[in-house]
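This is what each chain is made of:
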Amino acid sequence: MAEFGHRSVMPAEVLALLSPRAGGVYVDGTLGGAGHGRMILEASAPDGILIGFDRDPEALAAARERLAPYGNRVKFVRSNYATMAESLAELGVDAIDGFLLDLGVSSHQLDTAERGFSFQVDAPLDMRMDPESGATAADLVNELSSDELARIIREYGEERWAKRIASFIVKMREEHGAIESTLQLVDCVKGAIPRGAWEERIHPATRTFQALRIAVNDELGSLERGLAAGIELLATGGRGVVISFHSLEDRIVKNVFRRYAQGCTCPKMLPRCVCGGKPRARVLTGKPVMAGADEIAENSRARSAKVRAVEKL
Ligand SMILES: C[S@@+](CC[C@H](N)C(=O)[O-])C[C@H]1O[C@@H](n2cnc3c(N)ncnc32)[C@H](O)[C@@H]1O
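Given the structure is predicted, the values throughout are model-derived calculations rather than measurements.

**A few points about the overall build of the protein chain**
Part 1: When helices and strands are tallied, the protein chain shows 13 helices and 8 strands.
Part 2: For 313 residues, the compact-globule estimate of 2.2 N^0.38 gives 20 Å, and the C-alpha radius of gyration of the protein chain, at 21 Å, lies within 12% of that figure.
Part 3: Each principal axis of the C-alpha atoms in the protein chain carries an extent, and together these give about 60 × 60 × 40 Å.
Part 4: Scored against the burial criterion, the 313 residues of the protein chain give a buried share of 50%.
Part 5: In the form shown here, the protein chain has an accessible surface area of approximately 14800 Å², with 50% of it arising from carbon and sulfur atoms.

Structure (structure tokens):
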């Protein structure tokens, strides 16, 4: 296997917020190259437990190798973190002391051309984090209607040219039979967005690729479910930390945290609470924590990263 290249984002900030301790049980929902995972194991030595999730068998294999020195302090689960409650129950775990979600894809996934995540190299249009299940990006662009494609590209890519891109996709698949490769999709996008509207430092296909990746992997649905599952599983004083990379993810994190911190779900117009809901968590980050200039200079992925954390009451 190629070297698993991925630089962990904001390691010190994440560790300070998660604050692992000896004897604790921690979930890394997005194990990837296990950079954060290893830090959690070190900080919870000598007997803290790490349960690492990844949907990508290649990431999990690399993590297994890297974390071998920690022996049975680490458990590996090849699954979506959204279903962590069920996976943990199978391991006999019903409460945890912390969890970390470092969202999106790893640099390794982006750099492995044949996974189809990158608009820079020609490859089959796949984009599945778990390459053995579910529809590929090619399935979506070839099978969805123009309206459905436009909705995905607009909502998940926040792309103002979504409608035009969708109609170019439909036109290309009518002319060529099917769109099978990343660069065919790039051509559609470049054709659809007028040259004068290309942004200076952002590749015109960035938003469309982000949108399809989110749809293929149901990334926002997983985040919503996984975050709630993680907070439910936290023991009192346990902490959840999330690193997000775009506004759609950050909005979900903020809203789920707020829901647990407010407790009360009464409509605002009621003069007083009738639901009796009590706060179940405390938000530790009023504003999200962002990377410093030094880290951004060394790791461009850190530029858009936002860290938020919550503590169970
Ligand atoms: C940004 S990387 C994590 C990097 C890791 N924190 C490190 O320090 O090396 C994200 C990883 O999470 C995995 N992933 C993303 N969403 C997932 C999900 N819903 N369930 C399980 N794994 C997921 C991806 O396959 C990828 O390997």
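**What about the site of the ligand?**
Part 1: In the vicinity of the ligand lie 26 residues, with Ser-8, His-36, Asp-54, Asp-102 and Gln-109 positioned nearest.
Part 2: Separating an oxygen atom of the ligand from a backbone N or O atom of Gly-35 is a distance of 3.2 Å.
Part 3: At 2.9 Å from a nitrogen atom of the ligand is found a side-chain nitrogen or oxygen belonging to Asn-80.
Part 4: Isolated, the ligand exposes 610 Å² of accessible area, and the fraction of that covered by the protein chains is 98%.

**What about the pairing of strand β1 (residues 25-28)?**
Part 1: Where burial is concerned, the two faces of β1 agree: the one with Val-25 and Val-27 and the one with Tyr-26 and Asp-28 are both buried.
Part 2: The pairing of β1 with strand β2 (residues 49-54) spans 4 bridges and is classified as parallel. Bridge pairing in β2 links Val-27 to Ile-51.
Part 3: Each parallel crossover has a hand, and for β1 linked through helix α2 (residues 35-43) to β2 it is right-handed.
Part 4: Bridge analysis of β1 against strand β4 (residues 96-102) gives 3 bridges, and the strand direction is parallel.

**Brief notes about α2**
Part 1: Restricting attention to buried positions, one finds in α2 the residues His-36, Gly-37, Met-39, Ile-40 and Leu-41.
Part 2: Contacts from the buried residues of α2 go to α1 (11-18), β1, β2, β3 (74-78), β4 and β5 (234-244).

**Re the side chain of Asp-97**
Part 1: Its place among the elements puts Asp-97 in strand β4.
Part 2: The class for Asp-97 is buried, based on a relative accessible area of 18%.

**A short note on the environment of Arg-66**
Part 1: The topology assignment puts Arg-66 in helix α3 (residues 57-66).
Part 2: Residue classification places Arg-66 among the partly exposed positions, given a relative accessible area of 24%.
Part 3: Reaching out from Arg-66, the side chain makes a polar contact with the backbone oxygen of Gly-33 at a distance of 3.0 Å.

**Observations regarding the domain arrangement of the protein chain**
Part 1: Entries for the protein chain in the domain assignment read domain 1 (11-108 + 219-312) and domain 2 (117-217).
Part 2: Between domain 1 and domain 2 lies a buried interface of about 1200 Å² when both sides are counted; carbon and sulfur atoms form 51% of it.
Part 3: Of all residues in domain 1, Arg-55, Val-105 and Glu-219 bury the most surface against domain 2, accounting for 47% of the area lost on that side.
Part 4: Here domain 1 and domain 2 share 4 salt bridges between them.
Part 5: Where Asp-130 meets Arg-78, a salt bridge forms, and the shortest distance between an N and an O atom there is 2.9 Å.
Part 6: Along the contact surface separating domain 1 from domain 2 lie 7 residue pairs in polar contact (both at pLDDT 80 or more).
Part 7: Counting residues per element, the ones that place at least two in the side of domain 1 that touches domain 2 are α11 (219-233) and α12 (247-262).
Part 8: Taken together, the residues that form the side of domain 1 that touches domain 2 break down as 4 nonpolar, 4 polar and 5 charged.

**Points about the packing of helix α7 (residues 146-157) against helix α8 (residues 162-176)**
Part 1: The interhelical angle for the contact between α7 and α8, taken along N-to-C directions, is 135°, at an axis separation of 8 Å. Classified by the angle their axes make, α7 and α8 are oblique. Once α7 is placed against α8, the crossing between them reads as right-handed. Together, Ser-146, Leu-149, Ala-150, Ile-153 and Arg-154 of α7 and Ala-162, Lys-163, Ile-165, Ala-166, Ser-167, Ile-169, Val-170 and Arg-173 of α8 make up the contact between the two elements.
Part 2: Taken together, the residues that form the contact of α7 with α8 break down as 8 nonpolar, 2 polar and 3 charged.

Rules behind the numbers
- Just so you know, the residues in each chain are numbered from 1, in the order the chain's sequence is written.
- Local features in a predicted model are, by the rule used here, given only for residues with pLDDT of at least 70; side-chain atom pairs are given and counted only at 80 or more, and totals for whole chains, interfaces and linings are based on all residues.
- Water and hydrogen atoms were dropped before computing side-chain values, which therefore reflect all heavy atoms in the structure.
- Per the convention used, a helix needs a DSSP run of H or I reaching at least four residues, while a strand needs a run of E reaching at least two, with both numbered from the N terminus.
- Our radius of gyration is a C-alpha quantity, and the globule rule it is checked against amounts to 2.2 Å times the number of residues to the power 0.38.
- Under the scheme applied here, a residue whose accessible area is under 20% of the maximum for its type counts as buried, over 50% as exposed, and between as partly exposed, the area being computed with a 1.4 Å probe on protein chains only.
- Methods summary: accessible areas were calculated by the Shrake-Rupley approach with a probe of 1.4 Å, and residue burial reflects only the protein chains presented.
- Near is defined per residue: the residue qualifies when any heavy atom it owns lies within 4 Å of the molecule or strand.
- In protein, a polar contact requires one atom able to donate a hydrogen and another able to accept it; more generally it is a pair of N or O atoms within 3.5 Å, and residues adjacent in sequence count only if both atoms are side-chain atoms.
- Whether two strands pair comes down to DSSP finding at least two bridges between them.
- Here a crossover is taken to be right-handed if, once the strands point away from the viewer, the path from the first strand over the helix to the second is traced clockwise.
- Throughout, a contact is declared for two residues whenever any of their heavy atoms are within 4.5 Å.
- Note that the domain bounds reflect an automated or database-derived domain assignment.
- Using a 1.4 Å probe, buried area is obtained as the accessible area two parts lose upon being combined, added over both of them.
- Definition used for salt bridges: Asp or Glu carboxyl oxygen within 4 Å of a side-chain nitrogen of Lys or Arg.
- Residues were grouped as follows: Ala, Val, Leu, Ile, Met, Phe, Trp, Tyr, Cys and Pro as nonpolar; Asp, Glu, Lys and Arg as charged; and all remaining residues, including Gly, as polar.
- Angular values range over 0 to 180 degrees, each being the angle between N-to-C directions of two axes fitted as lines to C-alpha atoms, with helices fitted over their stretch in contact.
- Working rule for angles: under 35 degrees goes down as roughly parallel, over 145 as roughly antiparallel, 65 to 115 as roughly perpendicular, anything else as oblique.
- Two helices cross in a left-handed way if the nearer one is turned anticlockwise from the farther one by less than a right angle. They cross in a right-handed way if the turn is clockwise.

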